[in-house]
Amino acid sequence: MERYRGRAAALATMHGKERAFARPFRALLGLDVALPPELDTDQLGSFDGRVPRAGSAEQACRHKALVGMASLGLPLGMASEGSFGPHPALPVLAAGLEVMVFLDQDHGLEIWERLIARRTNFDHRCAAELAGLEGWPQRVGFPDHGLIVRPEQPWSGADDLLFKDLQDQLQLAEAIGAAAAGSINGRALVETDMRAHRNPTRMACLRTLATRLARRISTPCPACGAPGWGRVEVVPGLPCGWCTQPTSLARAELFGCVSCSHTEELPRPDGWAKADPQHCPLCNP
Ligand SMILES: [Zn+2]
Ligand SMILES: [Zn+2]
């Protein structure tokens, strides 16, 4: 895909995401990432929860990309947006959903990639003092991974109290003490910092996501040649190895184009043609 070689795309980020995005776009597309100056993406919904995100993650992501493009006057742009919470399949595990978009206004293209991050440190604890956390900060990767501290139930006037970018145990202990003092119940709420530049685990996920998106953009549609050909859906119904009834496992993958209506159904990349009967609703109800 030569279309983007030597060109620049706006990347709207306040949190150092160019460290994850620049290399795959340069290597796979010859495309450079340009950072808009003085962009306050926190105003578009921030990770400390003070500015709630308006609309879906996809809407926020597209809006962020457009803000960056308008700021630099570029027809190309990209942005990503993360959401964190219980894993959709295993609610006891934390997971992150990362979405990323590439916009090409010259050709009216909008190319998406999504990633469920099973490896995330997303978590929180409440405590009156550092000792009450019993080693939890180390388990979530502090201080390489950031923590955000605020009162669990702030007194009126303490709602703005918030500590981030803490460097060590001493600063963390002080922040917990100050936040606990500002809380009606005397406890601080300590949360993992999910901003990319303070969360190396998340930054690694973003690198994977950006590599997949750049690869998708570099793949032309076999029918019309537009960039962005890739998997759009998995097709369930892999037959059971005993009774041949369809299971909920993927039977095939549907590939699609972002520009024309062309689609193709391709076999599973692992070549499986039969499901283990443990996944069968009839053989293993
Ligand atoms: Zn069966
Ligand atoms: Zn096409």
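Everything numeric in this text was worked out from a predicted model, so none of it was measured.

1. With respect to the coordination of the zinc ion (ligand 2)
1) Next: Looking at the zinc ion (ligand 2), one finds its protein donor set to be Cys-221 (SG), Cys-224 (SG), Cys-257 (SG) and Cys-260 (SG), positioned 2.3 Å from the metal centre.
2) Next: Take Cys-260: its relative accessible area is 27%, and that puts it in the partly exposed class.

2. A look at helix α4 (residues 169-181)
1) Next: Between its first and last C-alpha atoms α4 spans 18 Å; for 13 residues at 1.5 Å apiece the expected length is 18 Å, and the two agree.
2) Next: On the buried face of α4, the contacting elements are β6 (124-127), α3 (136-139), β7 (147-151) and β8 (188-192).
3) Next: N-capping of α4 is provided by Asp-168, with a side-chain oxygen placed 3.2 Å from the backbone N of Leu-170.

3. Description of the nonpolar core
1) Next: Phe-25, Leu-31, Met-78 and Phe-102 are the most contacted members of the largest nonpolar core, which has 25 residues in total.
2) Next: Elements with a contribution of two residues or more to this core: β1 (8-11), α1 (18-29), β3 (76-86), β4 (94-104), β5 (109-117) and α5 (200-217).
3) Next: Once residues lying within four places of it in the same chain are set aside, the contact partners of Phe-25 are Gly-30, Leu-31, Met-78, Met-100, Phe-102, Ala-210, Leu-213, Ala-214 and Ile-217.
4) Next: One finds Trp-136, Leu-172, Ala-179 and Ala-188 within the second-largest nonpolar core, a separate group that totals 15 residues.

4. Focus: the coordination of the zinc ion (ligand 1)
1) Next: Taken together, Cys-240 (SG), Cys-243 (SG), Cys-280 (SG) and Cys-283 (SG) make up the protein donors of the zinc ion (ligand 1), found 2.3 to 2.4 Å from the metal.
2) Next: Between the four donor atoms coordinating the zinc ion (ligand 1), the angles at the centre fall across 105 to 113°, so the site counts as tetrahedral.
3) Next: Donor residues binding the zinc ion (ligand 1) come from one chain and are separated in sequence as C-x2-C-x36-C-x2-C.

5. Digging into the packing of α1 against α5
1) Next: Direction vectors running N to C along α1 and α5 enclose 25°, while the axes themselves pass 8 Å from each other. Classed by the angle they form, the pair α1 and α5 counts as roughly parallel. Viewed along their axes, α1 and α5 form a crossing whose handedness is right-handed. Here α1 contributes Arg-19, Ala-20, Phe-21, Pro-24, Phe-25, Leu-28 and Leu-29 to the contact with α5, which in turn contributes Met-203, Leu-206, Arg-207, Ala-210, Thr-211, Leu-213, Ala-214, Arg-215 and Ile-217.
2) Next: In terms of residue class, the contact of α1 with α5 is built from twelve nonpolar, one polar and three charged.

6. Observations concerning the sheet that holds β8
1) Next: The antiparallel open sheet is built from three strands, whose spatial order is β6-β8-β7. Both edges of this open sheet fall to β6 and β7, since each of them pairs with a single strand only. The average undirected angle you get between the axes of adjacent strands in this sheet is 20°.
2) Next: With five bridges connecting them, β7 and β8 associate as antiparallel partners. Bridging across to β8, Pro-151 finds its partner in Ala-188.
3) Next: Taken strand by strand, α4 contacts β6, β7 and β8, and its axis lies near 25° from that of β7.

Criteria and thresholds
- Residues numbered from 1 in each chain as written.
- Chains lettered and ligands numbered in written order.
- Predicted model: local features only at pLDDT ≥ 70, side-chain atom pairs only at ≥ 80, totals over all residues.
- Heavy atoms only, no water.
- Donors = N, O, S within 2.8 Å, 3.2 Å for Na, K, Ca; no water.
- Buried < 20%, exposed > 50% of the residue type's maximum accessible area, 1.4 Å probe, protein only.
- Helix = DSSP H or I, 4+ residues; strand = E, 2+ residues; numbered from the N terminus.
- Expected span 1.5 Å × (residues − 1).
- Contact = heavy atoms within 4.5 Å.
- Polar contact = N/O pair within 3.5 Å; in protein donor to acceptor, adjacent residues only side chain to side chain.
- Core = buried A, V, L, I, M, F, W, Y, C linked by side-chain atoms within 4.5 Å.
- Tetrahedral: all angles 85-135°; square planar, octahedral: opposite > 155°, others 65-115°.
- Axes fitted to C-alpha atoms, helices over the stretch in contact; angles between N-to-C directions.
- Parallel < 35°, antiparallel > 145°, perpendicular 65-115°, else oblique.
- Left-handed = near helix turned anticlockwise from the far one by under 90°.
- Nonpolar A, V, L, I, M, F, W, Y, C, P; charged D, E, K, R; others polar.
- Pairing = 2+ DSSP bridges.

Geometric descriptors of this kind do not, in isolation, establish any biological role.
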